[in-house]
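Now for the letters of each chain:
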Amino acid sequence: MSGIANVFKKLFGLINGIRKILLNVIFFFLLAVVVVIMLAGDEPVIVPDNGVLVVELRGTLVEEKTWVDPMDSFFDEAFGGQGTPPETLLSDVLESIEKAKDDPRISGIYLHLSEFAGGGLNKMKQVGEALASFRDSGKPVYSYGDYYSQAQYFIAAHGEKIYLNPLGSMMFEGMGGYRLYFNELLNKLKVSTHVFKVGAYKSAVEPYTRNDMSEQAREASAELYDALWADYVTSLQQLREIDPRLLSGTIEDFKAVLAESNEDLAQMTLNGGLVDELLTREAFRSQMIELTGLDKDEKSWRKISHKNYLDAQLPEFIDEDEEKDEIAVVVARGVIVDGYQKPGSIGGDSTAALLRKARLNDATKAVVLRIDSPGGSGFASEVIRQEVLELQAAGIPVIASMSSVAASGGYWIAASADEIWAAPTTITGSIGVFGMFFTIEDSLAHVGVYNDGYHTTEMPVMDITRPLPEAAAEIVQTSIEKFYHDFVSMVAESRDMTYDQVHEVAQGRVWTGAKAQELGLVDRLGDLDQAIIAAANLAQINDYNVVNVEPELNARERFLRLTKQVAQETFTGVELRFNIDDIIVVDLSQVCSSDNCLI
């Protein structure tokens, strides 16, 4: 027994030693970072003369970045992890393009699109408009790709020159999508599906109740996607002379154009007017060096990323006068859920708190609620809407500005605003309510498992292992119908419409922003900047600051964000490499053979 005890004692000593080593490594790492923070000077970012601004669109174009814990983000990047999906902030892109337009150091723009995943047609059109304004200053815009996706090409088409790899390709796939239907599978698994909804077009639950798309869902999808696709095609045709057969969407037209190009996809894009020239990567690099001159340090063309460019800008003069009027912008992006949520999701309590923060600021004269949301919790949506009403009661006008999506709960929080603005391609509406859950009593019975017991009342109990009583189903359906009635009534009152007028265009159906304006669900068509001007007009102010209302970071988050920022700036370009021969192996059985480790 003493031998076994000794083995366990040594094993515990080994584990304890590893623990202390790891803690010490983390401690000294953080200590080193703190020292770097204290000693590091603010090394300015230099904008190269005759340099090209690289507008790097990585991942999804968003109104607000999803919150990521700074420490998780730092270690993820340090150890080469995948991390969260990349996102590019729309406001950063627009600001950098606008500033570069009149900057004599910037000779042009290069669109880095290889990692761009889209992000809503309205956002891409805003970038396109900014690029068009930049080109009006006489400066060129270039893009190069090994291939272009549909979203990438839409941005590239706003440039002066589009280059493609000789082995590259591009084809238009159209808009829409397909999804899986699980009704038959659920039946085979003997899972009972309980659906409660109001609205013939509220189709989110169909994959669990059908094996195919309903006619109502097909009708709504066809009208929505046909309108969006027509807008996309029209925009491209105004930008470039493209062979119409490439935009027709038929396989036969595509095959005909491809055959005329000797079955060469890259040559087809050139012949069809999609690109201006086929170049290898090195040929494009050499061409850019001739344009900007050689950056001897980078051994490439002179350039600066749009993120670094914004850091390089001298801070603009800001009037510190406390009496300066402010228009507060509150971003509501993501699915609406209850409680407090980090950016990237809309929390009923957290978003309401931002609106309340704006209301309690004496300088706030108007609020713009920027919405990019497919909806979510009805309760959380109402919590947010109540804060909109509080703002109005305090004499502060509210403009709802819709981005790519403001549907269902996203429309709910917009409905009571003084004015609703949307982009023509915004997806909005979906005024409807549904609920759904599953019970598996038949699945359990099939394998010989049963549920039984005693309960003091007949009140409905949501238990997935028991059948749903008919009376309980009636109560749930009644509550869903009441919720829908309240939704439609609230919209009718807010929009100065009758119940029947709203019900006719509601029933869970989605619309484009342009169609929603025709139907009375939206007041004006325009982007965020136009909504801000409208808010200033409602508040009757001319001289004001635009302030983004953001959640305050706690002490830990501020420290971690600062640590990450300084570490990134300090160690940018530093490569840490380890050779296996340089690793020192420590025999922990000798060092930590007792509780008193030498660490």
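Each residue is numbered by its place in its chain's sequence as written, counting from 1. Owing to the predicted nature of the model, reporting of local features is limited to residues with pLDDT of at least 70; listing and counting of side-chain atom pairs is limited to 80 or more, with chain, interface and lining totals taken over all residues. Only heavy atoms go into the side-chain values, all of them from the structure, while hydrogens and water stay out.

### Topic: the overall build of the protein chain
Within the protein chain, the secondary structure is distributed over 22 helices and 23 strands. Counting the 599 residues in the protein chain, one finds 43% classified as buried. A fraction of 76% describes how many contacts in the protein chain between residues 6 or more apart in sequence connect residues 24 or more apart. Surface accessibility in these figures is a Shrake-Rupley result with a 1.4 Å probe; residues are shielded only by whichever protein chains are displayed. Here the protein chain displays about 33000 Å² of accessible surface, and carbon together with sulfur accounts for 54% of that area. What counts as a helix is a DSSP run of H or I of at least four residues, what counts as a strand is a run of E of at least two, and both are numbered from the N terminus. Buried, partly exposed and exposed residues are distinguished by accessible area as a fraction of the type maximum, computed with a 1.4 Å probe on protein chains only: under 20%, between the cut-offs, and over 50%, respectively. Here, two residues are considered to be in contact whenever any of their heavy atoms come within 4.5 Å of each other.

### Some words on the sheet that holds strand β3 (residues 87-89)
The pairing criterion is simple: DSSP has to find at least two bridges between the two strands. Within the open sheet, the three strands sit side by side as β3-β2-β5. Their pairing is parallel. Two strands in the sheet have a free side with no partner beyond their single neighbour: β3 and β5 (116-118). Taking each pair of neighbouring strands and ignoring which way they run, the sheet shows an average axis angle of 40°. Alignment of strand β2 (residues 59-62) against β3, held across three bridges, turns out to be parallel. Think of each axis as a best-fit line through the C-alpha atoms, taken over the contacting stretch in the case of a helix, with angles from 0 to 180 degrees between the N-to-C directions.

### What to know about the pattern of salt bridges
Salt-bridge detection follows one rule: a side-chain nitrogen of Lys or Arg within 4 Å of a carboxyl oxygen of Asp or Glu. Taken as a whole, this structure holds 24 salt bridges when the rule is applied. The partner of K101 in a salt bridge is E98, and the shortest N-O contact between them spans 3.5 Å. With K101 and E98 both in helix α3 (residues 90-101), this residue pair falls three residues apart, about one helical turn. Take K101: its relative accessible area is 17%, and that puts it in the buried class.

### Notes on the environment of V68
Structurally, V68 can be placed in the loop between β2 and α2 (70-78). Judged by its relative accessible area of 30%, V68 is partly exposed. With 276 residues separating them in the primary sequence, V68 and G344 have C-alpha atoms 9.3 Å apart.

### Topic: the environment of G108
Within the secondary structure, G108 sits in strand β4 (residues 106-112). Leave out the neighbours within four places in its chain, and G108 touches G51, V52, L53, F134, K139 and P140.

### Side note on the pairing of strand β13 (residues 325-333)
The buried fraction of β13 is high, at nine of nine residues. The alternating pattern of β13 places D325, I327, V329, V331 and R333 on one face and E326, A328, V330 and A332 on the opposite face, and all of these are buried. In this structure, β13 lies alongside strand β23 (residues 544-548), joined through five bridges in parallel fashion. Bridged to D325 within β23 is Y544.

### Things to note about helix α9 (residues 251-260)
Burial in α9 covers these residues: F254, V257 and L258. Down the axis of α9, the smallest arc covering the buried residues is 100°, so these residues share one side. Turned more than 90 degrees off the buried face of α9, the exposed positions are E252 and E260. Two residues or fewer past α9, N262 is found with a positive phi of approximately 60°. Think of the arc as the fan of directions from the helix axis to the C-beta atoms.

### Concerning the nonpolar core
Ranked by internal contacts, the top residues of the largest apolar core, which has 51 residues, are V367, I431 and V491. With nine residues, helix α17 (residues 470-495) is the single largest residue contributor to this core. For V491, the residues in contact, after removing those within four places along its chain, are Y411, A415, I431, V502 and L521. Nonpolar core, defined: a set of buried Ala, Val, Leu, Ile, Met, Phe, Trp, Tyr and Cys residues in which side-chain atoms within 4.5 Å join the residues together. Counting 49 residues, the second largest nonpolar core, distinct from the first, contains V93, M124, A151 and W229.

### What to know about the packing of aromatic side chains
Working definition: rings of Phe, Tyr and Trp (its six-membered ring) pair if their centres are within 6.5 Å, and the pair is stacked with planes under 30 degrees apart, edge-to-face with planes over 60 apart, and tilted otherwise. Tallying each qualifying case throughout the model produces 15 aromatic pairs. Between the aromatic rings of Y144 and F284, the centroid separation amounts to 5.0 Å while the plane-to-plane angle is 20°, which identifies the pairing as stacked. Of this pair, Y144 sits in strand β6 (residues 141-145) while F284 sits in helix α11 (residues 281-292); the two residues are 140 residues apart in sequence, bridging distant segments of the chain. For the pair Y144 and F284, a shared accessibility class is recorded, and that class is buried. Ring plane angle 80° and centroid distance 6.2 Å describe the contact between Y148 and Y153, whose orientation is recorded as edge-to-face. For the residue pair Y148 and Y153, the accessibility class agrees, reading buried in each case. Among the aromatic residues, ring-to-ring pairing joins Y110, Y142, Y144, Y163, F284 and W301 into one connected group. Only lysine NZ and arginine CZ atoms are considered, and such an atom sits over a ring when it is within 6 Å of the ring centre and within 35 degrees of the ring normal. In this structure, K342 packs its charged tip against the face of W67, placed 4.6 Å from the ring centre. Directly above the aromatic system of Y201 lies the positively charged group of R509, at a separation of 4.9 Å from the ring centroid.

### Describing the confidence of the model for the protein chain
Per-residue confidence for the protein chain gives a mean pLDDT of 86, with 82% of residues at or over 70. Across residues 566-599 the pLDDT falls below 50, and counting only partners more than four positions away or on other chains, this stretch makes 31 contacts in the model. The predictor reports its confidence for every residue as pLDDT, a score running from 0 up to 100.

### Looking at the pairing of strand β16 (residues 364-373)
For β16, a buried count of nine out of ten residues is recorded, marking the element as mostly surrounded by other parts of the structure. Of the pairings in the sheet, the one linking β13 to β16 comprises eight bridges and is parallel in character. Bridging from a neighbouring strand, I327 pairs with A366 of β16. As defined by bridge partners, β16 adjoins strand β17 (residues 398-407) across six bridges and the pair is classed as parallel. Directly across from R370, in β17, lies its bridge partner S401. Taken together, β16, helix α14 (residues 378-393) and β17 form a β-α-β motif whose crossover is right-handed. Every crossover in which the path from the first strand over the helix to the second runs clockwise, viewed with the strands pointing away from the viewer, is termed right-handed.

### As for the sheet that holds strand β7 (residues 161-164)
One open sheet accounts for six strands, arranged β9-β7-β6-β4-β1-β12; its pairing is parallel. Each of the sheet's edge strands pairs with one partner strand only, and the pair in question is β9 (277-278) and β12 (303-305). In terms of strand pairing, β7 meets β9 through two bridges, oriented parallel. Along β9, the bridge assignment pairs L164 with L278. Along the sheet face, α3 touches β1 (51-56) and β4 and points at about 165° away from the line of β1. Its contacts with the sheet put α11 on β1, β4, β6, β7 and β9, and the angle it makes with β6 is roughly 160°.

### Some remarks on α17
Between the first and last residue of a helix there are one fewer steps than residues, each counted as 1.5 Å, and that sum is the expected span. Look at α17: 37 Å from first C-alpha to last across 26 residues, which is about the 38 Å you get at 1.5 Å a residue. For α17, every residue scored as buried is listed here: A472, V476, I480, Y484, F487, V488, M490, V491, A492 and R495. In the core, the buried residues of α17 are packed alongside β8 (192-198), α14, α15 (409-415), β18 (419-422), β20 (433-439) and α18 (499-505). Within two residues after α17, D496 carries a phi angle of roughly 55°, on the positive side.

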